[in-house]
Amino acid sequence: MVVPQSLIELSNRIRGAKLYHNAYMGYRVYIPFLLDYSPFRVRIKAYFEVVNDRLRLNVDVSSNDYTPSWCRQEASRIKRILEEQFHEIIFDCELIYRSIPLDTRLQDKLIPTVGNVIPYYENALRFLCGMKVSILLSGRWQDKWFLSLSLAWIRYRNSRINKLYLFLPNAQIPHLKKEMERQWPGISLPVSLIPVESLSFNIQTYEKLLKSVDSRTMLVIDDCHLFKSPEAIRTRRMMDIADKCNYKLMMTESLIVNNIHDIYMQYRILNKDILGYYHWDDFSRNHIIYGGVDGKQILGYKNLSYLVGLTEPYTYSVNEMEVPEVETDVKTYICELTPSQKESYRRKKNELLLLIEKYEIQVYDIFRIMGEMERIACGYISVDHTRNYYYNTNKLLLLKKHTSRECRYVVFCKYLFEVDLLTSYWGRKSCAVFSGKNKSDRRTERIQFMRNNKKYLISTLGIQETCLEGVGTQCEIIFFSLSFRYRNYRRELAYIRENNMNRNTPVKRFITNSGIDRKIIETLSRKEKLANQVNRLFTDRQNLKKFVESL
């Protein structure tokens, strides 16, 4: 490990200060500080260390004659005194340290010793080992966790870290435990698995984590797009925890889930100096173009090449062209819209065109009406702008034609009303339901399907937990409806590939001949989101009108 320049400068500027290093604690500068507490005995330890690329003063007070509460209060008092005495020296040392480029200061210069791993794993590990903080982009669950755990193990063996905290959605924790037991049996690195959801509502978990993390703790945060809102409690708490750690790895399939500005908080959690903005207002003022009726509508972005240049040294994307995977063979079956669907669909399309012609359109209106058109294509027909509705779709004819009584089926839907439609079609006793609506008993439903007590397993897209775990290959998979987001399919398709279900599990997709389904299929083939295309067209009314007319 390289001695931070700020600690060297600090040890030279403070009389009696000494620079120490050991494999467990890293580099520290201890400063002499004594107070007379006679006749009682009190031990004071004051030292500086570099945490998250900044000098941090730590004071520990211990005594057998005073209570722990008194020791904590005394430590806080002494820390304030020392910060007032040394604030000019600390500022000067930081100033000298900051003359070194950030990407140089955050380099780790750790050379990984990799065994017989596939080449794209080796390339990823070399990049990740070279930086203290980084973001890993990969859509394959297996890739993310193999690389992150390998990175943590390499750092632990080289005395960079002493423990590992893994933050991930609660639904994925059982799956990761099984994977760790399979690939890393008897690992000596202390590992803790923390549900991301607990940071939102559990203050005890947050306070416990805040006390237990230190500069030698490594954080791995999966699905880091869950921390995109600067005002969310979960985001602020994660930022407090991350600011006390030197080694951080964030992982996600895509940094930009909805909008480009989602990247702000993810890099802010890594290190506040990467983007150079300490506040969200500064970032938004320099990179977001606002407009619309109320001046708060996001019309576009600016200075994007500048942002890309700032983030590039800390971001590694797994090259999917190097991934040795077999694409899942998905057979697509198309049906006509029913007459009532065509009429409802036509009215919604004309409503959207009318708003564009009157220049009264906002991005919200586009997504709202397109969502209604998608629901119509899925079979949801509303009656006279009231809450009354009914189901009408020819997809049931596709089910009748392309399913058999001998097979068992896993069916994915986007909407809950489609779940109701299918359970009514097949009968509730034959169907196991796995959706956000029955969260408490959906695992029991899946077990019923796995034990052949039920013939159909119906799940909604977009829930955090996959229903395919443990199902096996003796079934067929049907995507009954489409989604605007490719990521809603990707998890299920990746699970099929990674669990060798490709050859034995037929996958079918049912769509209509509507324009909205056709556009979704086109964006899915490019592995994009339809929302990105709409956002690009919003400032060009002529092309936006052509786009809507093609639906």
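In this report, we go over the structure that sits alongside the text. Being a predicted model, the structure only gives us computed values, none of them experimental. (Residues numbered from 1 in each chain as written. Predicted model: local features only at pLDDT ≥ 70, side-chain atom pairs only at ≥ 80, totals over all residues. Heavy atoms only, no water.)

Before going further, it helps to spend a moment on the overall build of the protein chain. Of the regular secondary structure elements, the protein chain holds 21 helices and 20 strands. When each of the 551 residues of the protein chain is scored for burial, the buried share is 51%. Taking the intrachain contacts of the protein chain between residues at least 6 apart in sequence as the baseline, contacts between residues at least 24 apart amount to 69%. Of the roughly 27,200 Å² that the protein chain leaves accessible, carbon and sulfur atoms contribute 50%. (Helix = DSSP H or I, 4+ residues; strand = E, 2+ residues; numbered from the N terminus. Buried < 20%, exposed > 50% of the residue type's maximum accessible area, 1.4 Å probe, protein only. Contact = heavy atoms within 4.5 Å. Areas by Shrake-Rupley, 256 points an atom, 1.4 Å probe, with all protein chains shown as cover.)

With that settled, consider the sheet that holds strand β13 (residues 330-335). Pairing in this open sheet of 6 strands is parallel, and the strands run β13-β20-β19-β16-β18-β17 from one edge to the other. Each of the sheet's edge strands pairs with one partner strand only, and the pair in question is β13 and β17 (431-434). Averaged over all adjacent pairs, the angle separating strand axes in this sheet is 20 degrees, with direction ignored. Relative to strand β18 (residues 456-460), strand β16 (residues 409-413) runs parallel, the two sharing 5 bridges. Pairing of F412 across the sheet is with S459, part of β18. (Pairing = 2+ DSSP bridges. Axes fitted to C-alpha atoms, helices over the stretch in contact; angles between N-to-C directions.)

With that settled, consider the nonpolar core. If you look at the biggest cluster of nonpolar residues, it comprises 39 residues, and the most contacted ones within it are M370, F479 and I516. Broken down by element, this core gets its largest block of residues, 6 residues, from helix α14 (residues 363-378). (Core = buried A, V, L, I, M, F, W, Y, C linked by side-chain atoms within 4.5 Å.)

So, on to the sheet that holds strand β3 (residues 43-51). Sheet strands pair via backbone hydrogen bonds, and the direction of the pair is either parallel or antiparallel. Reading across from one edge, β1-β2-β3-β4 is the order of the 4 strands in this open sheet, with antiparallel pairing throughout. Taken across any chain shown, the strands that pair with only one partner, and hence form the sheet edges, are β1 (18-22) and β4 (54-62). Direction aside, the axes of adjacent strands within the sheet are offset by 30 degrees on average. Note: β1 against strand β2 (residues 26-31), 5 bridges, orientation antiparallel. Bridged to Y20 within β2 is R28. Each of β2, β3 and β4 is contacted by helix α2 (residues 68-97), which is oriented at about 150 degrees to β4, the strand it contacts most.

With that settled, consider the packing of helix α5 (residues 141-157) against helix α6 (residues 173-183). Running from amino to carboxyl end, α5 crosses α6 at an angle of 60 degrees, the nearest separation of the two axes being 12 Å. With respect to each other, α5 and α6 are oriented oblique. Judged by the sense of rotation from one axis to the other, the crossing of α5 with α6 is right-handed. In this structure, α5 uses W141, Q142, W145, F146 and L149 to contact α6, whose residues at the interface are H175, L176, E179, M180, R182 and Q183. A class-by-class count of the residues in the contact of α5 with α6 yields 6 nonpolar, 3 polar and 2 charged. (Parallel < 35°, antiparallel > 145°, perpendicular 65-115°, else oblique. Left-handed = near helix turned anticlockwise from the far one by under 90°. Nonpolar A, V, L, I, M, F, W, Y, C, P; charged D, E, K, R; others polar.)

Treat this as a map of the structure, not an account of what it does.
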